[in-house]
Amino acid sequence: MVAKLKDVADLAGVSVTTVSRVINNYGSLSKKTIAKVHAAMRELNYQPNALARAMQGKPSKFIGLIFPNTTNPFFAELINDLEYRLFGLGYKTIIASSAENEQIEHDYLGMLMANQVDGIISSSHNLGIREYQQISSPIVSFDRYLAGNIPIVESDNYRGGQLAAEYIMNHGGKKIAVMIDEDTSVSPTLNRVQGAVDYLTEHHANYTPLDLKRTNFTQTFPGKYDAVIATNDVQALQIRNVAKRAGKVINQDFVVTGYDGSKMIRTVAPDLPTVVQPIDQIADELIETLMAKIKDPKQDLEPKQLPVSFHDPE
Ligand code: RIB
């Protein structure tokens, strides 16, 4: 029976990814690990897949997609749009959920490199800038400042924050809280908070920035606020549920705005006022930018910012 990669990994007592890294000489591996893998390969007379290695000089036609998760309706829709478009261009996709876990993201990046992907689209934000600067494959970022040389596609987060604040003010918000994610990445999404706070500071007579952390919302709610600007739709619906349990009447004595406007959310919660990101255009721009990087990895590409809109359920 022909030995497989997994057989080598089992015999050497390492992961399949580690065997791939040894074969492709990728990443920081100890001499001991390399020796174990080589010994297992000899014992099993393992021959790396000639076809796969022959392709090393040719495109693998694989694209890696790294996102924090695939469960958030916004990410789910964007990943679906990307996968469909890439398939039409003859690419297969490897989807990696970094799960806000730096080690998982590190291992996935290694696996993608070992599998010779032709390019990567990443919206994750775990790793330090250094890590992303060392990646050899063409890479494009959505919504995250990954590294100076990595092109970024985003929607106009600042304008989105302003639109949400304008809606809240026009719908009776007096004691307004702006949700802030404990997002430690250097991310353009922080601009949506800034847009909201700047708008309220300029237009709201007695607005005091009552920033609300995602983690402590239920403890401080609901007496203190009659309006909340959330940083995404899922969070907005959670806030709405907390308000309902506290006896508030939504869109009467309590108003919340969301952010993203995915098809799923707009179907299950059509009455949620929310900032709509142009997910299909984001997918088009990410792929167009990545294809340009694959064609000429050295070219510098300007950041792309797409306009947002607002879904007013009335
Ligand atoms: O809901 C997920 C959020 O993370 C979206 O707003 C998207 O912009 C990403 O930053």
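Bear in mind the structure is a predicted one, so any value in this text is a computation, not a measurement.

**Student:** Sorry, what's going on with the pairing of strand β6 (residues 176–180) here?
**Tutor:** Look at any regular strand and the pattern is simple: side chains alternate between the two faces of the sheet. The buried fraction of β6 amounts to five of the five residues, a majority that puts the element mostly inside the structure. Residues I176, V178 and I180 point to one face of β6 and A177 and M179 to the other, with burial holding for every one of them.

**Student:** Teacher, can you tell me more about the packing of helix α8 (residues 157–170) against helix α9 (residues 190–203) here?
**Tutor:** When two helices pack together, their arrangement is given by the angle between their axes and by how far apart the axes lie. Close contact between α8 and α9 brings their axes to 6 Å; oriented N to C, the two are set at 45°. When the axis of α8 is compared with that of α9, the two are oblique. Taken as a pair, α8 and α9 cross one another with a handedness that is right-handed. Contacts from N157, Y158, G161, Q162, A165, E166 and M169 of α8 reach α9 at N191, R192, Q194, G195, A196, D198, Y199, L200 and H203. Residue classes in the contact of α8 with α9 are distributed as six nonpolar, seven polar and three charged.

**Student:** When you look at the site of the ligand in this model, what are you seeing that I'm missing?
**Tutor:** Every residue close to the ligand is listed here: N72, F74, F75, D143, R144, T189, R192, N232, D260 and Q277. D143 is positioned such that a nitrogen or oxygen atom in its side chain is 2.5 Å from an oxygen atom of the ligand. A distance of 3.4 Å is found between an oxygen atom of the ligand and a side-chain nitrogen or oxygen belonging to R144. About the coverage of the ligand: the protein hides 93% of its 280 Å² of free accessible area.

**Student:** Please explain the pattern of salt bridges as it appears in this structure.
**Tutor:** Oppositely charged side chains can pair when the atoms bearing their charge come close. Under the criterion given, the structure shown has seven salt bridges. K6 serves as the salt-bridge partner of D10, at 2.8 Å between the closest nitrogen and oxygen. Highlighted residues: D10 and K6, both in helix α1 (residues 5–12), separated by four residues, approximately one helical turn. Classification of D10 by relative accessible area gives partly exposed; the value is 49%.

**Student:** Hey, could you run me through the packing of aromatic side chains in this one?
**Tutor:** Between two aromatic rings, the relevant description is the distance of the centres plus the angle of the planes. Tallied over the entire structure, the rule returns four aromatic pairs. Seen from their ring centres, F74 and F75 are 5.7 Å apart, and the 70° between their planes marks the pair as edge-to-face. Across this residue pair, the class does not change: F74 and F75 are buried. Taken together, F67, F74, F75 and F142 form an aromatic cluster joined through their ring pairs.

**Student:** Any chance you could explain α8 here in plain terms?
**Tutor:** Three or four residues apart is the spacing at which side chains of an α-helix point the same way, because the helix has 3.6 residues per turn. Between its first and last C-alpha atoms α8 spans 20 Å; for 14 residues at 1.5 Å apiece the expected length is 20 Å, and the two agree. All of the buried residues in α8 are N157, G160, G161, Q162, L163, A164, A165, Y167 and I168.

**Student:** Mind showing me how you'd approach the pairing of strand β2 (residues 92–97) here?
**Tutor:** In terms of strand pairing, strand β1 (residues 62–67) meets β2 through six bridges, oriented parallel. Each residue of the ladder has a partner; that of L65, found in β2, is I95. Since β1 and β2 lie parallel, the crossover through helix α5 (residues 73–88) that links them has a hand, and here it is right-handed.

Criteria and cut-off values
- Residues numbered from 1 in each chain as written.
- Predicted model: local features only at pLDDT ≥ 70, side-chain atom pairs only at ≥ 80, totals over all residues.
- Heavy atoms only, no water.
- Buried < 20%, exposed > 50% of the residue type's maximum accessible area, 1.4 Å probe, protein only.
- Helix = DSSP H or I, 4+ residues; strand = E, 2+ residues; numbered from the N terminus.
- Axes fitted to C-alpha atoms, helices over the stretch in contact; angles between N-to-C directions.
- Parallel < 35°, antiparallel > 145°, perpendicular 65-115°, else oblique.
- Left-handed = near helix turned anticlockwise from the far one by under 90°.
- Contact = heavy atoms within 4.5 Å.
- Nonpolar A, V, L, I, M, F, W, Y, C, P; charged D, E, K, R; others polar.
- Near = heavy atom within 4 Å.
- Polar contact = N/O pair within 3.5 Å; in protein donor to acceptor, adjacent residues only side chain to side chain.
- Areas by Shrake-Rupley, 256 points an atom, 1.4 Å probe, with all protein chains shown as cover.
- Salt bridge = Lys/Arg side-chain N within 4 Å of Asp/Glu carboxyl O.
- Phe/Tyr/Trp six-rings, centres within 6.5 Å; stacked < 30°, edge-to-face > 60°.
- Expected span 1.5 Å × (residues − 1).
- Pairing = 2+ DSSP bridges.
- Right-handed = clockwise from strand over helix to strand, strands pointing away.

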